[in-house]
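Analysis of the macromolecular model
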Amino acid sequence: MSITGDHWLDSALRRPIAGGAKMPVRRFLVIHFTAGASAESSIEFWRTPAAKGASAHLVIDRDGTVYQTRPFDRTCGHAGVSQWQGHKNLNACTLGIELANAGDNAPLARRWSKLPLLTSKHKNGGPEKQWEAYPLAQLAACEQVAKALVTRYQLDDIVGHDDIAPSRKNDPGPAFPMASLRQSCGY
C-alpha cells in the first residue's frame, strides 16, 4: 500500500468529491465512525446539500474495502469545531478516516453488523450504551492505511473525533481499539 505522487492511496477505490482547499501541511490523523450504513451510502450523503460540506478523505467499509474521496493534499470537512495540541481549525491540517459503523445507534448496528454489540460507557462520560463492534477486516485495513499515512506525511498523532471535540462527538467510541492503532503506528 502506497501513496501516489498526486496524494491518492494506490489501492483505494476512488470516489472523488470536488472541493477542499490546498493542505500543504498535514499534522494529525482523525478516526471517525459514519453513524450510518455502508461506506458508499456515506459518500453519497456527502454529495448532498444536507451534508453541509461534511466529508473525509477515506471511508473504510465493514469488509475492509477502502474508498478515497479527495487527495491528501486537499482539506475535507470532517473535524468541525475542534482543537488538539494548540491547533484549531483542524480541517486545515488533518486527514480523516471514516469507518462504516453505526456507533451507538443499536438498531442500525443490528441491521448492518453480524457481530455482537459492545455494552460500554464512553470515555468522555454519559450512560452505558450499546456500540457496534468493528470487524477485523475493517480494523486491519484501517491499520494499513494509517501506517501508510503516518509514514508518508510524518504525522504528529492519531486521535479520535471524540478527542478533538469531546463535548460534541463520540466517535470512534469505546469499541474502537485506539491504543492498539496508535501503538502499531509508533505512538
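Residues numbered from 1 in each chain as written. Predicted model: local features only at pLDDT ≥ 70, side-chain atom pairs only at ≥ 80, totals over all residues. Heavy atoms only, no water.

1. What to know about the overall build of the protein
- Each helix and strand counted, the protein has 5 helices and 10 strands in total.
- Rg of the C-alpha trace for the protein: 15 Å, near the compact-globule value of 16 Å for 187 residues, within the 12% margin.
- Each principal axis of the C-alpha distribution contributes one length, and for the protein these read about 40 × 35 × 35 Å.
- Evaluated residue by residue, the protein yields a buried proportion of 51% over its 187 residues.
- Of the contacts made within the protein by residues no fewer than 6 positions apart, 71% connect residues no fewer than 24 positions apart.
- Total accessible area on the protein stands at roughly 8600 Å², and carbon and sulfur atoms take up 52% of it.
- For the protein, the distance from the average site of its 22 positive side-chain charges to the average site of its 17 negative ones is 4 Å. (Helix = DSSP H or I, 4+ residues; strand = E, 2+ residues; numbered from the N terminus. Rg over C-alpha atoms; globule rule 2.2 N^0.38 Å. Buried < 20%, exposed > 50% of the residue type's maximum accessible area, 1.4 Å probe, protein only. Contact = heavy atoms within 4.5 Å. Areas by Shrake-Rupley, 256 points an atom, 1.4 Å probe, with all protein chains shown as cover. Lys, Arg positive; Asp, Glu negative; His and termini not counted. Charge placed at Lys NZ, Arg CZ, Asp CG, Glu CD.)

2. Observations concerning the nonpolar core
- Counting residues in hydrophobic clusters, the biggest one holds 31 residues, and the most contacted among them are Leu29, Ile31, Ile97, Leu149 and Ile158.
- Elements represented by at least two residues in this core include exactly strand 2 (28-33), strand 3 (58-60), strand 7 (94-99), helix 3 (136-153) and helix 5 (178-184).
- The dominant element in this core, judged by the number of residues it contributes, is helix 3, at 8 residues.
- Look past the residues within four positions of leucine 149 in its chain and what remains in contact with it is Ile3, Leu29, Leu58, Phe72, Leu95, Ile97, Gln154 and Leu155.
- Counting 9 residues, the second-largest nonpolar core is a separate cluster that includes Ile17, Trp46, Ala56 and Tyr67. (Core = buried A, V, L, I, M, F, W, Y, C linked by side-chain atoms within 4.5 Å.)

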